[in-house]
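Residue-level structure breakdown
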Amino acid sequence: MRRRLSANEKIQIAIIGCGGIGRHHYGQFDRLKNQCTIVAIADVYQKHIDEFRTMTGRQDLEAHTDYQRVLERKDIDAVVVATPDHWHAKMTIDACEAGKHVFCEKPAMHNIAEGLAMVHAAREHKRVVSIGLQQRSGEHFKEAIEIVRSGRLGKITMVHCWNVGNETPDGIGNPPDEPTPPGLDWNMWLGPAPMRPYNRNRCIYHFRWFWDYAGGKVADWGVHLMDIALWAMNETDPLEISATGGKFAVRDNRETPDTVECLYRFKDWVLVYSHRAANGYPMNGRGYGTMFFGTNGSLFVDRGGLEVHPDGDRMPAYKRGGSAQSEPHAENFLAAIREGTPLACDVEAGVRSTIVPLLGNIAYRTGETIRWDAKRCQVIGSRNATALFSRNWRAPWGIPRRYIKPI
Ligand SMILES: NC(=O)c1ccc[n+]([C@@H]2O[C@H](COP(=O)([O-])OP(=O)(O)OC[C@H]3O[C@@H](n4cnc5c(N)ncnc54)[C@H](O)[C@@H]3O)[C@@H](O)[C@H]2O)c1
């Protein structure tokens, strides 16, 4: 299904998943229309196809309800996977096998086994697979990485990432199971996840708060923040992981915690991820962010900018504003396809940064302190934890076993 691109030919893209971020991606790639064209979309919800066409003014966009039809098309060079997390791996692997390049949203995968498979599928089929951890393309994030790695902050012993907000008392509410809305193929929406009756909170956007499809705030937002921590510290493999918390205050039907702390021990530093959905008092003065604590000073970074706060007079203070992230990330993907430019976040980097929040979720769900054997890509010594390493994919949406091996 591969097409050979000539130097001045545009890259032909299809967007799979026409919800919130799929629409955002249309805007990003449309701004780069001298380099690419969006020629098709796919979704299992007709309402989203209709809204997408209206929003973009592109009634001409060919829409498919089965993403496999997109993969069969010879005119498509690349796909954007903007579906819920539980579909990312299957779609990415199928696309690689069909000869397509892939821009896959974060978190790269639903469970660790799927991430390993994505890396091997991309390698085997020699496809460009970028993960949508777009902060990596922001110039001020790159500067933050440079400052951390320069040693100017001194010895960094702790990195803290957090998201806080107040969703009490009712959060996303408690709707009953209902008949599937017209125009939604619920069976195809669920795909590899277990069959169950339709519930609106499990579907559009709020799937994030259900273990069958995603990993709560830790995976949804934590992955962006921990990605920066791991990239800056140039380490991806925690030795020991523990987590605690619960669903203590928010009265809705979500499964994931409203309060959670994940603790990761590295050789000589600690990573902490904190999430509160039951109190919005800012941490370190902000609702979310990544902060590095060194013996000379601290560095805070979020999408709006970076700040260096000296400890006493051990280093100078410094501050700068934010920079664009999504558009340069999209442009980097096109450059990688056309010119072989290195990806800002290739599939391996994205998978490694997703493994860490997923390990936090495993520690939370098992209540065990777990150890990670990075070489073998295995959780050590816990049957409960090993059970959450993978999933039983509902047929016929399994991941080929041959791709599931250490990276
Ligand atoms: N990088 C970022 O900053 C960022 C921001 C938002 C969302 N995301 C990620 O993007 C993904 C989608 O999130 P969202 O908020 O856009 O969700 P959403 O529910 O708004 O959209 C998902 C779309 O995928 C469709 N879909 C589901 N199964 C499908 C299938 N089998 N084939 C085709 N379409 C299918 C749904 O019908 C829906 O239209 C998530 O993994 C999320 O974490 C990333």
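Keep in mind that this is a model prediction, so the values were computed, not measured. (Residues numbered from 1 in each chain as written. Predicted model: local features only at pLDDT ≥ 70, side-chain atom pairs only at ≥ 80, totals over all residues. Heavy atoms only, no water.)

We now examine the domain arrangement of the protein chain. Split into domains, the protein chain comes out as domain 1 (11–136 + 327–346 + 395–403) and domain 2 (139–177 + 205–323 + 356–387). For domain 1 and domain 2, the distance between their C-alpha centroids amounts to 26 Å. Carbon and sulfur atoms supply 61% of the area buried between domain 1 and domain 2, which totals about 1,600 Å² over both sides. At the surface where domain 1 touches domain 2, the tally comes to two salt bridges. Counting across the domain 1 and domain 2 interface gives seven residue pairs in polar contact (both at pLDDT 80 or more). (Domains from an automatic or database assignment. Buried area = accessible area lost by both parts, 1.4 Å probe. Salt bridge = Lys/Arg side-chain N within 4 Å of Asp/Glu carboxyl O. Polar contact = N/O pair within 3.5 Å; in protein donor to acceptor, adjacent residues only side chain to side chain.)

We now examine the packing of helix α6 (residues 139–150) against helix α9 (residues 222–233). At a minimum axis separation of 8 Å, α6 and α9 run at an interaxial angle of 45 degrees. In this view, α6 runs oblique relative to α9, as classed from their interaxial angle. Along this stretch, α6 crosses α9, giving a crossing that reads as right-handed. Counted together, F141, K142, I145, V148 and R149 of α6 and I228, W231, A232 and M233 of α9 form the full contact between these two elements. Here the contact of α6 with α9 is composed, by residue class, of seven nonpolar, no polar and two charged. (Axes fitted to C-alpha atoms, helices over the stretch in contact; angles between N-to-C directions. Helix = DSSP H or I, 4+ residues; strand = E, 2+ residues; numbered from the N terminus. Parallel < 35°, antiparallel > 145°, perpendicular 65-115°, else oblique. Left-handed = near helix turned anticlockwise from the far one by under 90°. Contact = heavy atoms within 4.5 Å. Nonpolar A, V, L, I, M, F, W, Y, C, P; charged D, E, K, R; others polar.)

It is worth spelling out the pairing of strand β7 (residues 156–166) at this point. Here β7 runs beside strand β12 (residues 288–294); their pairing, made up of seven bridges, is antiparallel. Its bridge partner being in β12, W162 is matched across the sheet by G289. Two strands pair when backbone bridges link them, and β7 and strand β10 (residues 270–276) are joined in this way by seven bridges, in the parallel orientation. Looking across to β10, one finds that V164 is bridged to R276. For β7 and strand β11 (residues 278–279), the ladder comprises two bridges, and the chain directions are antiparallel. By the bridge assignment for β11, N166 is matched with A278. (Pairing = 2+ DSSP bridges.)

Further remarks concern the site of the ligand. The local shell around the ligand holds 31 residues, among which I21, D43, H48, D85 and E105 are the closest. Between an oxygen atom of the ligand and a main-chain N or O atom of I21, the distance comes to 2.8 Å. Between the ligand and the protein, one listed contact pairs an oxygen atom with a side-chain N or O atom of H48 at 2.6 Å. Against a free-state accessible area of 850 Å², the protein chains account for coverage of 94% of the ligand. Of all elements in the fold, only α1 (20–31), α4 (85–97) and α7 (186–190) reach the threshold of two or more residues within the shell around the ligand. With four residues, the top contributor of residues to the shell around the ligand is α4. Looking at the shell around the ligand residue by residue, the classes come out as 16 nonpolar, nine polar and six charged. (Near = heavy atom within 4 Å. Areas by Shrake-Rupley, 256 points an atom, 1.4 Å probe, with all protein chains shown as cover.)

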